[in-house]
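# Chains, contacts and geometry: an overview
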Amino acid sequence: MTHGIIPPYLLRRISRLDDAKFAVAAHAARVALKHDREFRSVRFDLSFDENYDLVATLVDAPDRTVSDAGSTESLPGTVVRSEGDAPVGDAAVDEAYDGLGATFALYSEVYGRNSIDGAGLPLNATVHYGDRYDNAFWDGERMVFGDGDGEIFSRFTASLSVIGHELSHGVTQYSASLVYRDQSGALNESVSDVFGALVEQHSRNESVGDASWLIGEGIFTDEVEGSALRSLKAPGTAYDDDILGKDPQPAHFDDFVYTDEDGGGVHLNSGIPNRAFYLVAEALGGNAWDRAGQIWYDTITGPILTARADFSAFAAATLDAAGSRYGSRSAEVSAVRAGWAGVGIRPASAPRPAKIG
Amino acid sequence: MGRSRDQASFSPQAREDRLINMPAVLTITVARSGGFAGITRRWSVSAALDEADELIELVDACPWPRVAKDEVSRDRFVYVITVRAPRKRRSATVPESALTGPWKTLVNRVQEEPAEPAAPPTPPPSR
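Remember, predicted model here, so these are calculated numbers, not experimental data.

### Remarks on the interface of chain A and chain B
If you look at the interface, chain A gives 36 residues, while chain B gives 25 residues. At the boundary of chain A with chain B, total buried surface from both sides reaches about 2,500 Å², with 54% on carbon and sulfur atoms. The interface formed by chain A and chain B contains two salt bridges. A salt bridge links Lys104(B) to Glu73(A); the nearest nitrogen and oxygen atoms lie 3.3 Å apart. Seen at the junction of chain A and chain B, the total is 15 residue pairs in polar contact (both at pLDDT 80 or more). Those elements that place two or more of their residues in the side of chain A that touches chain B are β6 (136-138), α4 (160-173), α5 (182-204), β11 (245-246) and α6 (262-269) of chain A. Tallying contributions element by element places α4(A) first for the side of chain A that touches chain B, with five residues. The residue makeup of the side of chain A that touches chain B, split by class, is 17 nonpolar, nine polar and ten charged.

### Digging into the pairing of strand β2 (residues 54-60) of chain A
The two faces of a sheet get side chains in turn, since along a regular strand they alternate between them. All names here are of chain A. Inspection of the sheet shows strand β1 (residues 42-48) paired to β2 by seven bridges, in the antiparallel sense. Along β2, the bridge assignment pairs Phe-44 with Leu-58. Where β1 folds back onto β2 in an antiparallel hairpin, the turn is made up of five residues, including Tyr-52, whose phi is positive at roughly 60 degrees.

### Some remarks on empty space enclosed by the protein
Vacant regions in the atomic arrangement are exposed by a probe of water-molecule size rolled over the atoms. The tally for this structure, following the rule as stated, stands at four cavities of 30 Å³ or more. In this structure, the largest cavity spans a volume of roughly 110 Å³. Lining the largest cavity are 15 residues, with Asp134(A), Phe153(A), Arg32(B), Ala37(B) and Ile39(B) positioned closest to its centre. Partitioning the lining of the largest cavity into residue classes produces eight nonpolar, four polar and three charged. Size it by volume and the second largest cavity reaches roughly 50 Å³. Forming the walls of the second largest cavity are Thr103(A), Phe104(A), Tyr107(A), Ser115(A), Ile116(A), Leu123(A) and Leu167(A). At three residues, the largest contribution of residues to the lining of the second largest cavity is made by helix α3 (residues 91-111) of chain A. Here the residues of the lining of the second largest cavity are counted per class, giving five nonpolar, two polar and no charged.

About the cut-offs
Residues numbered from 1 in each chain as written. Chains lettered and ligands numbered in written order. Predicted model: local features only at pLDDT ≥ 70, side-chain atom pairs only at ≥ 80, totals over all residues. Heavy atoms only, no water. Contact = heavy atoms within 4.5 Å. Buried area = accessible area lost by both parts, 1.4 Å probe. Salt bridge = Lys/Arg side-chain N within 4 Å of Asp/Glu carboxyl O. Polar contact = N/O pair within 3.5 Å; in protein donor to acceptor, adjacent residues only side chain to side chain. Helix = DSSP H or I, 4+ residues; strand = E, 2+ residues; numbered from the N terminus. Nonpolar A, V, L, I, M, F, W, Y, C, P; charged D, E, K, R; others polar. Pairing = 2+ DSSP bridges. 1 Å grid on protein atoms, 1.4 Å probe; cavity = no way out; pocket = protein on both sides within 12 Å on 5 of 7 lines; lining within 4 Å. Points joined across faces, edges and corners; volume = space filled by probe spheres on them.

Shown next as structure tokens:
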């Protein structure tokens, strides 16, 4: 099996072959060229079968561009690595490039989604944003990474789960579009943490039991008492530090945090649905991206979830997704129901007639 | 202090007296919440009103009633900027993407002050 990026001139040459023996390859090349015209990327795989006939296959492929902001706050910065380019030797650039690829791989290989929008959208990243900038964010079109201050945070690309988290904000933007405030905002955050963790687990081939379930492992400096920013398995335990304080995430709805900051605590209350996902994955075992991840993916891309869904409505949508895919009496439905019960969320039921009297 | 709860002390004149006796201080606080980490950091600067011309100029330069919203970005910082002075309080919530020009100058000035020690790890409840 030969894998490779076929340059356009070669694709054009293959597309013009009129030998019947190469008909499939010629057709594939024409499709690939059409994709190129639409600025969509595909992988064009060539191989020989047992009769030594040329076999061409088209596979969805990422179209990555990493730019360098050069410690300024202007976007997008200068392009430093494009799709197919060799590593450049700058850790942030190469980690971003590889992380974009690993995120693309999870969505494409496991859920059949071609990039963020499901239609091959190019994946863009900017690194070295700002001066000692302590953050990573999604601006609606690209993920942007700072280098950290060097005292508390080091560079944010060092954690694959952070990259998966940012790009998953893009997936949510093109699917469930959860409003970034209060409970729907915490769900938006949680979806990014869930798929950020799954990108990392899928890339490392880690089962539910092997995985750390941490978000942002490796982005604290050695000065900080903490392993990561968040834990899906045990929200509230990721760090406990003199300067930063203790990880404030709740793990149960009883401890829901009411605040005006951070859009109503979207990065805090995400601990509750995060833990629910972990409980579902733990109950089902194996690889979390397979069934638990599939149910969550079906939920955010499905017809039921609304942009202003609260925890209870989201829980109901996951139950519906699990029932549709695995059957209403399946182990998956039981696991989902138990997962939400474990964090104190009762799934919303269909509207009932108003009480009389 | 003996008659501080006396009805008379709520008269306009009494209030005026108290204000005059209050130290006339201008305080600007910046609370930066959100971000990927969701960790709130706070900075503040205070100055006696009669020595606060520089700060007042920075405050007045900001477009207080017109702050752009940002409905698209995720994991960006949100700045709550509050100015307190006797009988005056002004506050604005500024998304990071709108923190440009005079807002940026003001926040940079406040951040120059040493950070407040022991910021609470959990934001204060709003209810």
